[in-house]
Amino acid sequence: MSMDDLIDRIIAAIDAVGGTEPAVPMGLQNSQWLRCNTGRAAVDLGETVEIRVVATTLPLPPLVEKLDAAVRPALAGTTWASTALRIHVVDLHADVFDGNSDPDHPPGP
C-alpha cells in the first residue's frame, strides 16, 4: 500500500467518526483549484503517526478515543501498525459552543 493510499484510509477513518474533521491549513479549506484531497495535510507519517483534527463536539476524551479506535485498523498491516499515534485537536468548531454539545456542562458563566 502506498503512503497516499494509507493517508486516504486515515482520512476516511477520521471522516467516519462523528464530531471530527481533518484540520486543513487556512487557504486550503475552500480551495477548488487543488485536485487532491486537501485533508491529507492533516496527516503526517513518520516515526509516529500524527493526525490533526477539528472537534465539532465535546467532550474531547471520548472523541479522541473514538478516533484512536477508528484509525488503528487503517494502520494494521502497514509499517506504522505498532507506531505511536498522536491525535492533535487543533481547533474547536464554533458549533461546540452552541450549548447542546456537552450535556454535562452548561455553556458560559
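Residues numbered from 1 in each chain as written. Predicted model: local features only at pLDDT ≥ 70, side-chain atom pairs only at ≥ 80, totals over all residues. Heavy atoms only, no water.

## Let's talk about the pattern of salt bridges
Scanning all chains against the criterion turns up four salt bridges. Across the pair arginine 86 and glutamate 50 runs a salt bridge whose closest N-O atoms are separated by 3.9 Å. One end of the pair, arginine 86, is in strand E4 (residues 85–92); the other, glutamate 50, is in strand E3 (residues 49–55), and 36 residues separate them in sequence. Judged by relative accessible area, glutamate 50 falls into the partly exposed class, the value being 22%. Of the charged contacts in the structure, one is a salt bridge between arginine 72 and aspartate 68, with a shortest N-O distance of 3.8 Å. One end of the pair is arginine 72 and the other is aspartate 68, both in helix H2 (residues 60–75) and four residues apart, which spans about a single turn. The class of arginine 72 is partly exposed, set by a relative accessible area of 28%. In this structure aspartate 68 comes out as partly exposed when scored by relative accessible area, which is 30%. (Salt bridge = Lys/Arg side-chain N within 4 Å of Asp/Glu carboxyl O. Helix = DSSP H or I, 4+ residues; strand = E, 2+ residues; numbered from the N terminus. Buried < 20%, exposed > 50% of the residue type's maximum accessible area, 1.4 Å probe, protein only.)

## Remarks on the confidence of the model for the chain
Scored by pLDDT, the chain comes out at a mean of 83, with 77% of its residues at no less than 70. Of all helices and strands in the chain, the one with the weakest mean pLDDT is strand E1 (residues 20–22) (91), whereas H2 scores best (96). (pLDDT = per-residue confidence, 0-100.)

## Quick notes on the pairing of E3
A large share of E3 lies buried, amounting to six of its seven residues. The pairing of strand E2 (residues 43–45) with E3 spans three bridges and is classified as antiparallel. From the neighbouring strand, leucine 45 faces E3, where its bridge partner is valine 49. The hairpin formed by E2 and E3 contains three residues between the paired strands. Of the pairings in the sheet, the one linking E3 to E4 comprises seven bridges and is parallel in character. Across the sheet, the residue bridging to isoleucine 51 is isoleucine 87, located in E4. Chirality of the crossover, the property in question, places the unit of E3, H2 and E4 among those that are right-handed. (Pairing = 2+ DSSP bridges. Right-handed = clockwise from strand over helix to strand, strands pointing away.)

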